[in-house]
Amino acid sequence: VSTQSTGTVFTLGNRDDLMNNQLEWPVIIPVHSADKRFPYEAIFRSVQFSLIDNVCAEYGFLVHFFRVRGEKAQILFTNVMERTLSLLIKSVESYMEKCYDCIGIMLCAHITMHYHELMKKRGFGALVGFHNQLLQILWPRFTFVLSQNIHSIRETDPGRLTELDTRPHFITRRFGEFYSAIHTLNDKFPNDQTVRSMSLLQVEVENVILRMAAEFRERQDQLVFLINNYDLMLSVMQCRTTDTSKEVMSIQELLNKRINEYVDEVLLPHFGGMISFVKDNEKMLESGAGGSQIKVNESYINQIVRGFNQDHKKSIDSINSDVMRRFTNFNNGTVILQSALTKMIQYYSRFHKILSQPPFKTLPCRMDMINVHHVMVEVKKYKNQF
């Protein structure tokens, strides 16, 4: 029987079927499975399930044949089975010394814990020591391999990676799949240390993504890279976790923050003058400054109005094309595009409002301004671009 697998050590796939409905399946018969491949945990389950059935039968025979009970029965059982159990322990130890499959190790630990509980329900305690020995091998190895993953991410130098582009990096997908796998398995037998280690791994992944983003010269490229990676991470994590989990909410906050920053960046080249005017004059009007205290630069305002009238359609189309080209997730692109166009309309509405107040309301250029509702009609044309 081969233990090779076509999957990766970062992906759960259907490996957790062992814990869901295969724990008491028939054992794997090597002569019938010579041409099949099984992950290590499937062979581990088969051996452990075969063991508990044989052990129960052997213990029952010893008790009835030699007419012993309690401690004497346990001593007799230990003398009979000690070499077999030691051989199994050594086999697991030997494999785990070279194993770097966190998911497989965790599955083996959970299989052991399940069979331990099964023995307790049967009132059979002869394997307690054996199961404890297995767990003392499996959990430290799991912790070690997980810590090695954390260390590897922490030491990653973006400058030594292959040339980056703004698409999601493979590290991001691997983390999302790995996190989802460990989170799913940990729900079955919760372990606080595992939760803390995964939180630390998430922090290191977020840090390495920031370091990768810093490799780009343009701020927009940095933001697009961050958004694409956070979005992929979130999409993969949400496949197996709830939207209200602490980790998912943390990534969602990072994503929203970068989207808002990108929206501001993408609007500035097209509507920067209007945005600056709105921000500066809103502050003065809100502070109670009178018309005599606000300087009116009529030529500058005329330039903003004419520029918007002439270029807003072309600018909207340019923003739409930019978003469609840059973002790998069309649903996320739709959100970003709508956020950008909504914010543009908000700035234009605020621009209208400012010019309707003293000392701007007497300016002739107000008559040339496009109605806000006409701009909204233009924006609606792009609603279903993705």
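Residues numbered from 1 in each chain as written. Predicted model: local features only at pLDDT ≥ 70, side-chain atom pairs only at ≥ 80, totals over all residues. Heavy atoms only, no water.

J.: Is there a simple way to explain the overall build of the chain in this structure?
T.: Tallying secondary structure elements over the chain gives 12 helices and 0 strands in all. Listing every helix and strand of the chain by position from the N terminus yields α-α-α-α-α-α-α-α-α-α-α-α. Relative to a compact globule of 386 residues, whose C-alpha radius of gyration would be 21 Å, the chain shows 32 Å and is clearly more extended. Across the 386 residues in the chain, those meeting the buried criterion constitute 44%. When the accessible area of the chain is evaluated, it comes to approximately 21,000 Å², of which 51% is carbon and sulfur surface. Taking the 44 positively charged and 41 negatively charged side chains of the chain as two groups, their mean positions are separated by 2 Å. (Helix = DSSP H or I, 4+ residues; strand = E, 2+ residues; numbered from the N terminus. Rg over C-alpha atoms; globule rule 2.2 N^0.38 Å. Buried < 20%, exposed > 50% of the residue type's maximum accessible area, 1.4 Å probe, protein only. Areas by Shrake-Rupley, 256 points an atom, 1.4 Å probe, with all protein chains shown as cover. Lys, Arg positive; Asp, Glu negative; His and termini not counted. Charge placed at Lys NZ, Arg CZ, Asp CG, Glu CD.)

J.: So what exactly am I meant to see when it comes to the packing of helix α8 (residues 219-238) against helix α9 (residues 246-286) here?
T.: The description of two helices packed together rests on the angle between their axes and the distance between the axes. Packing of α8 against α9 brings their axes to within 9 Å, and their N-to-C directions diverge by 150°. As the angle between them shows, α8 and α9 are arranged roughly antiparallel. Considering the relative orientation of α8 and α9, their crossing is left-handed. Per-class residue counts for the contact of α8 with α9 are 16 nonpolar, 3 polar and 6 charged. (Axes fitted to C-alpha atoms, helices over the stretch in contact; angles between N-to-C directions. Parallel < 35°, antiparallel > 145°, perpendicular 65-115°, else oblique. Left-handed = near helix turned anticlockwise from the far one by under 90°. Nonpolar A, V, L, I, M, F, W, Y, C, P; charged D, E, K, R; others polar.)

J.: What exactly am I supposed to notice about helix α10 (residues 298-326) here?
T.: Three- or four-residue spacings in an α-helix give side chains the same orientation, since the helix completes a turn every 3.6 residues. Of all the bends in α10, the greatest, near 60°, is centred on Asp311. Here the buried face of α10 lies against α8, α9, α11 (330-355) and α12 (372-380). (Bend = angle between axes of the 7 residues up to and from the residue. Contact = heavy atoms within 4.5 Å.)

J.: Where do I start with unusual backbone geometry in this structure?
T.: Negative phi values dominate among residues other than glycine, just as trans dominates among peptide bonds. With an omega of 0°, the peptide bond running from Pro358 to Pro359 counts as cis. For Pro359, the location among the structural elements is in the loop between α11 and α12.

J.: What is the right way to look at the pattern of salt bridges in this model?
T.: Where side chains of opposite charge bring their charged atoms close, a pairing between them can arise. In this structure the tally under the stated criterion is 14 salt bridges. Taking the shortest distance from any N to any O, the salt bridge between Glu261 and Arg219 comes out at 2.7 Å. Residue Glu261 is located in helix α9, and its partner Arg219 is located in helix α8; the two are separated by 42 residues in the primary sequence. Judged by relative accessible area, Glu261 falls into the partly exposed class, the value being 24%. The partly exposed category is assigned to Arg219, whose relative accessible area is 29%. (Salt bridge = Lys/Arg side-chain N within 4 Å of Asp/Glu carboxyl O.)

J.: Help me understand the environment of Ser180 in this model?
T.: Here Ser180 is to be found in helix α6 (residues 170-188). Through-space distance from the C-alpha of Ser180 to that of Cys239 is 7.6 Å; in sequence the pair is 59 residues apart. The contacts of Ser180, once residues within four sequence positions are left out, are Val236, Met237 and Arg240.

J.: Quick question: what am I supposed to make of the packing of aromatic side chains here?
T.: Centre-to-centre distance and the angle between the planes together describe a pair of aromatic rings. As enumerated under the stated definition, the model contains 13 aromatic pairs in all. Summarising the aromatic geometry, the rings of Phe216 and Phe225 are spaced 5.4 Å apart at their centres and angled 45° between planes, so their arrangement reads as tilted. The exposure class assigned to Phe216 is buried, which follows from its relative accessible area of 12%. A relative accessible area of 0% means that Phe225 is categorised as buried. Measuring from centroid to centroid gives 5.7 Å for Phe271 and Phe308, while their planes differ by 45°, and the two rings are tilted. Of this pair, Phe271 sits in helix α9 while Phe308 is found in helix α10, placing the two residues 37 residues apart along the sequence. Using a relative accessible area of 5% as the deciding quantity, one classes Phe271 as buried. With a relative accessible area of 5%, Phe308 lands in the buried category. Ring pairing ties together the aromatic residues Phe271, Phe277, Phe308, Tyr348, Phe351 and Phe360, which thus form one cluster. (Phe/Tyr/Trp six-rings, centres within 6.5 Å; stacked < 30°, edge-to-face > 60°.)

So far we have only geometry, and geometry alone does not tell us how the molecule works.
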